[in-house]
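# Secondary and tertiary structure notes
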Amino acid sequence: VAIEFDLKGALIAAGGTMYYGVSIIVPRMKMKPAPLPKGGPNDTLVQDFEFEIFDDGTNPAIRIDCYNAQAAYLAA
C-alpha cells in the first residue's frame, strides 16, 4: 500500500493560487491487522492503525515536501 497526506492552509496571497502546507508520502508500507474500533469522546469512532514501512533502496522510505511563501532560503 502507498499513502499520501496533503495538508494545506490558507492562500499565501489573496486571490492567489498557492497554499502553504505539506505533503507526506509513504510509497511502500504494509498494514498490520487492525483491532476492532473503539468508542471515543462525543460519540466518535476511533480506530488505531499500525504500518510496517519498507525501504526499496531507490525511493525514500518517507518523503515530506513543504511549501510556503518564502521564495528562497540563504539567498545572496
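See above for the structure.
The paragraphs below set out a description of the structure included in this document. From a predicted model like this one, the values you see are computed outputs, not experimental measurements.

## With respect to the overall build of the protein
The helix and strand inventory of the protein stands at zero helices and seven strands. Written out in order from the N terminus, the α and β elements of the protein read β-β-β-β-β-β-β. In the protein, which comprises 76 residues, the proportion classed as buried is 8%. Of the contacts formed within the protein by residues at least 6 apart in sequence, a portion of 45% connects residues at least 24 apart.

## Structural notes on the pattern of salt bridges
In this structure the tally under the stated criterion is one salt bridge. One salt bridge connects aspartate 65 with arginine 63, and the closest N-O pair in it is separated by 2.8 Å. Given a relative accessible area of 42%, arginine 63 falls into the partly exposed group.

## Digging into the sheet that holds strand 1 (residues 3-11)
Ordered by their spatial adjacency, three strands build an open sheet running 1-2-7, and the pairing between neighbours is antiparallel. Each end of this open sheet is capped by a strand with a single partner; those strands are strand 1 and strand 7 (63-67). The mean angle between the axes of side-by-side strands here comes to 5°, regardless of whether they run parallel or antiparallel. Both strand 2 (residues 19-26) and strand 7 contribute to a ladder of five bridges, which runs antiparallel. Considered in strand 7, the bridge of serine 23 is made with aspartate 65.

## A look at the side chain of serine 23
Residue position: serine 23 is located in strand 2. Polar side-chain contacts of serine 23 include one of 2.9 Å to the side chain of aspartate 6. Those residues in contact with serine 23 that lie beyond four places of it in its chain are Glu4, Phe5, Asp6, Arg63, Ile64, Asp65 and Tyr67.

## Considerations on the environment of valine 22
Here valine 22 lies in strand 2. What makes valine 22 buried here is its relative accessible area of 17%. For valine 22 and glycine 9, which are 13 residues apart along the polypeptide, the C-alpha to C-alpha distance reads 9.2 Å. Not counting residues up to four positions away in its chain, the partners in contact with valine 22 are Phe5, Asp6, Leu7, Ile64, Asp65, Cys66 and Tyr67.

Reading guide: rules and limits
Residues numbered from 1 in each chain as written. Predicted model: local features only at pLDDT ≥ 70, side-chain atom pairs only at ≥ 80, totals over all residues. Heavy atoms only, no water. Helix = DSSP H or I, 4+ residues; strand = E, 2+ residues; numbered from the N terminus. Buried < 20%, exposed > 50% of the residue type's maximum accessible area, 1.4 Å probe, protein only. Contact = heavy atoms within 4.5 Å. Salt bridge = Lys/Arg side-chain N within 4 Å of Asp/Glu carboxyl O. Pairing = 2+ DSSP bridges. Axes fitted to C-alpha atoms, helices over the stretch in contact; angles between N-to-C directions. Polar contact = N/O pair within 3.5 Å; in protein donor to acceptor, adjacent residues only side chain to side chain.

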